[in-house]
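# Fold and geometry: a report
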Amino acid sequence: MDSMQSVVTLDENIALTESEWLSMKKRIGNLVEKANASNFESVAGRILSENILITGRGLFCQAVIKTQSKSPESSNVYAALVALINSELPQVGHLLVKRAALQFNTAHNRRDKKRMLTTSTFLAQLVNQRVAHEILALDVLLLLSVNPSSDKVEVAMSFCRQCGHLLLDVAPQKLKEILAEFSSLLRKGELEKRTCFLIARLLAAYKQKFRDSATARVFEAEDQVTHYVSLLQDIDSETSLDRFHTNSDAYEEDEVTSKPSSC
């Protein structure tokens, strides 16, 4: 009888824990969806009050990437939100940068122009906020310069217009070298007319020092934790973090040990 009661009690504990996990998933998703330019700081504080370091890390990244893909025009807001979370919990920011990078790589391999534009927009803003290292931005441009199509050049132009101002500051020579590749393709005259036009516009924006792409940062560069993620390396998206695990003891321990000390 005691053995049966123990089994029932354990099952009830696991069920309760899963229910709490699902509730947390819903709360995090709702909070991310509500984030805007005027409230992202308070939203970040509320998200940090959740246990997102371990049990909610994947959920937060899922929610941000899903919401950003629906509203790419608000990418600067979501990047600012991530910057605040990252300053408290760098492991969360690192996971998000890795997943965004993988999403771009997948879109590029599938020649999905819409997804490339959406994801590169987010990557540009993560670089602007110094959550992602500029090496990721340079990797994106290098990838887009190989066998360029009109779609790839359009994505490159959009990407540069968003984070080109920063790249001119932190990696001017590397940016110059990559854009020289585009310029070389233009001189060869072997591309479609539209592609040539887009490259010409990109180079013109470069000459103007991408003056329209400056972005206000949440933190100064030295106060932010910046993650080195490269498209040239294997990236682990840690998808197991998106699933509920039935180890209730580990869950309870995470609840105690991984709460942030401040909001």
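Predicted, not measured: the structure shown is a model, and the values here were computed from it.

### Describing the overall build of the protein chain
Tallying secondary structure elements over the protein chain gives eleven helices and zero strands in all. In the protein chain, the succession of helices and strands from N to C terminus is α-α-α-α-α-α-α-α-α-α-α. Counting across all 263 residues of the protein chain, residues that qualify as buried make up 49%. Considering only intrachain contacts with a sequence separation of at least 6, the fraction spanning at least 24 residues in the protein chain is 82%.

### Some remarks on unusual backbone geometry
We note that R130 has phi near 65°; this positive angle belongs to a residue other than glycine. Counting through the fold element by element, R130 comes out in the loop between α6 (113-128) and α7 (134-145). Given a relative accessible area of 9%, R130 falls into the buried group. A positive phi is found at K209, a non-glycine position, where the angle reads about 60°.

### With respect to helix α3 (residues 57-70)
Between its first and last C-alpha atoms α3 spans 20 Å; for 14 residues at 1.5 Å apiece the expected length is 20 Å, and the two agree. By the criterion of burial, α3 is predominantly enclosed, with ten of the 14 residues buried. Those residues of α3 that fall on the buried side of the exposure criterion are R57, G58, L59, F60, C61, A63, V64, I65, T67 and Q68.

### Some details on the nonpolar core
Counting residues in hydrophobic clusters, the biggest one holds 75 residues, and the most contacted among them are I47, F60, F122 and L126. Look past the residues within four positions of I47 in its chain and what remains in contact with it is L31, V32, I52, F60, L81 and I85.

### A closer look at the environment of T226
Looking at the element boundaries, T226 is found in the loop between α10 (193-207) and α11 (248-257). Spatially, the C-alpha atoms of T226 and L126 are 9.5 Å apart, while their sequence positions differ by 100 residues. Discounting chain neighbours no more than four positions away, the residues touching T226 are R130, V131, A132 and H133. Within polar-contact distance, the side chain of T226 engages the backbone oxygen of R130 at 2.5 Å.

### Considering the side chain of S230
Positionally, S230 belongs in the loop between α10 and α11. Given a relative accessible area of 5%, S230 falls into the buried group. One polar contact links the side chain of S230 to the main-chain amide nitrogen of L232, over a distance of 3.1 Å. Here S230 is in contact with D139 and I235, once residues within four sequence places are set aside.

### Comments concerning the packing of α7 against helix α8 (residues 150-170)
Remark: α7 packs on α8, axes separated minimally by 10 Å, with the N-to-C direction vectors making an angle of 150°. In terms of orientation, α7 and α8 fall into the roughly antiparallel class. As for how α7 packs across α8, the hand of that crossing is left-handed. Across the interface between the two elements, E134, A137, L138, V140, L141, L143 and L144 from α7 touch K152, V155, A156, F159, C160, C163, L167 and V170 from α8.

### Overview of α6
If you check α6, its first and last C-alpha atoms are 22 Å apart, about what 16 residues at 1.5 Å a residue would give, namely 22 Å. Among the 16 residues that make up α6, twelve are buried, leaving the element largely enclosed by the rest of the structure. Among all positions of α6, only M116, T118, T119, S120, T121, F122, L123, A124, Q125, L126, V127 and N128 are buried. Looking at the packing, one finds that the buried side of α6 touches α3, α4 (75-88), α5 (90-109), α7 and α8. Residue R130 follows α6 closely and has a positive phi angle near 65°.

### Observations regarding the packing of α5 against α6
In the contact formed by α5 and α6, the axes pass within 9 Å of each other and the chain directions differ by 150°. Judged by the angle between their axes, α5 and α6 are roughly antiparallel. Crossing handedness for the pair α5 and α6: left-handed. Counting all contacts with α5, which are made through L96, A100, A101, Q103, F104, A107 and H108, the residues of α6 involved are R115, M116, T119, S120, F122, L123 and L126.

What counts, and where the lines are drawn
Residues numbered from 1 in each chain as written. Predicted model: local features only at pLDDT ≥ 70, side-chain atom pairs only at ≥ 80, totals over all residues. Heavy atoms only, no water. Helix = DSSP H or I, 4+ residues; strand = E, 2+ residues; numbered from the N terminus. Buried < 20%, exposed > 50% of the residue type's maximum accessible area, 1.4 Å probe, protein only. Contact = heavy atoms within 4.5 Å. Expected span 1.5 Å × (residues − 1). Core = buried A, V, L, I, M, F, W, Y, C linked by side-chain atoms within 4.5 Å. Polar contact = N/O pair within 3.5 Å; in protein donor to acceptor, adjacent residues only side chain to side chain. Axes fitted to C-alpha atoms, helices over the stretch in contact; angles between N-to-C directions. Parallel < 35°, antiparallel > 145°, perpendicular 65-115°, else oblique. Left-handed = near helix turned anticlockwise from the far one by under 90°.

Purely spatial values, then, with no claim about function.
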